[in-house]
Structure formats: C-alpha cells, structure tokens
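The residues making up each chain are set out below.
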Amino acid sequence: MNRAVYPGSFDPVTFGHLDIIERSLAITDELIVGVLNNKAKSPLFSVEERVNMLKEVTKHLKHVTIQSFDGLLVDFAAQSQANMIVRGLRAITDFEYELQMSQINHALNSKIETVFLTTRLEFAYLSSSTVKEVAGMGGEICKFVPELVVERLYQKYGVIR
Ligand code: PNS
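Residues numbered from 1 in each chain as written. Predicted model: local features only at pLDDT ≥ 70, side-chain atom pairs only at ≥ 80, totals over all residues. Heavy atoms only, no water.

Let us now look at the sheet that holds strand 4 (residues 84-89). Taken together, five strands build an open sheet; the order of strands is 3-2-1-4-5 and the sheet is parallel. In this open sheet, the two edge strands, each paired with only one partner strand, are strand 3 (64-69) and strand 5 (113-118). Along the sheet, successive strands turn relative to each other by an average axial angle of 30°, direction set aside. Relative to strand 3, strand 2 (residues 30-36) is paired through six bridges, and the arrangement is parallel. Looking across to strand 3, one finds that Ile-32 is bridged to Thr-65. Across the face of the sheet, helix 1 (residues 15-24) comes into contact with strand 1 (3-8), strand 2, strand 3, strand 4 and strand 5 while running at roughly 120° to strand 5. (Pairing = 2+ DSSP bridges. Helix = DSSP H or I, 4+ residues; strand = E, 2+ residues; numbered from the N terminus. Axes fitted to C-alpha atoms, helices over the stretch in contact; angles between N-to-C directions. Contact = heavy atoms within 4.5 Å.)

Below is the structure:
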C-alpha cells in the first residue's frame, strides 16, 4: 500500500492545489495533505484555519486526510508511514527549488521518494500569494479558489462584496 504526503503552506488552498490532490489519488492509496506550521513565517491564515479550509474543500474525497506539521518534512512523512512526497510543478521557475528540496529530502531519508505532478495548464499561473494580492485589492478571485476560501479571504481583508 502506498501512502503519500502532499506538503505545503496552503495559505490558502487554491484550485491548483486541489487539482494536485485529486490527481495524486491515481498514484497513491492514501494521501495526507501536510500543512506546514512554520513559526518563522507569518501566514495570512493560522494553521488551524488552513487545515479547516482544506478539510472542508476535500470532504468529498475518500482517502485524503489533512494534518498540520512542523519540523522536517521527511520526519513527518516517516512518522505518518508515508513512502512518497508529492509536489506540483507549475513552471521551470519552480524546478530549481523543487529539485534542491527533493535532493535534500532524499539525502535525509532515502526511503521516501518525491514525485512531481505537473500542474494543469489552466492553473500554471496560480499561486496563493497572487490570489491574496488580488483579494486584498477587492478583485475577483472565484476562478482561483473555492467559494469558501473566497469568503474567508474577503473577510480577512475586510472586502465587502
Ligand atoms: O507551499 P510551499 O510553501 O511551497 O511548501 C513548502 C514546504 C512546506 C513543502 C517546505 O517548506 C517544507 O517541506 N518545509 C518543512 C521543512 C523541511 O523539511 N525543509 C526541507 C529541508 S531544508
């Protein structure tokens, strides 16, 4: 049985992330979405908010669970008895960082393989950061994130629709 971890900040979850979550289920039996609780960063949404939004928008998917983690990703994967890390690749600009991360993770724990899914073309430009920027300026974001996340983003920025 394969169990994979799909790690990220998910601040907040976008349709690009959801696409990777859904497509990951074709290559693994179970998927744990690992939400990084990085105390050094100051995310817009707390880790609890990010976990709860992910739980809500993936509730229709069997074999997907959402958990937060801190510390090393490979340690979280090993504790979760996962043998795979899934990451999405949007463009060549992602590649250098992702390659380095997969190599360091492999050096730390060679039992865990990183696999990459290329993002669907329609989501290639999408990132949580750009969605936050558009939302903060009151722009339309319903093409980028699920309705629940649209509401939460506008609430955070005090945007009245
Ligand atoms: O969504 P992101 O911010 O691109 O996700 C980055 C993430 C969470 C995958 C990465 O920062 C991570 O794995 N952090 C945990 C610490 C770690 O294990 N780093 C790799 C070795 S330097």
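Structure shown, so let's carry the discussion forward.
Position of Asn-37 among the secondary structure elements: in the loop between strand 2 and helix 2 (47-57). According to the relative accessible area criterion, Asn-37 is partly exposed, its value standing at 23%. Taking the C-alpha atoms as reference, Asn-37 lies 25 Å from Thr-118; in sequence the two are 81 residues apart. For Asn-37, the contacting residues outside a window of four places in its chain are Val-47, Phe-69 and Asp-70. (Buried < 20%, exposed > 50% of the residue type's maximum accessible area, 1.4 Å probe, protein only.)

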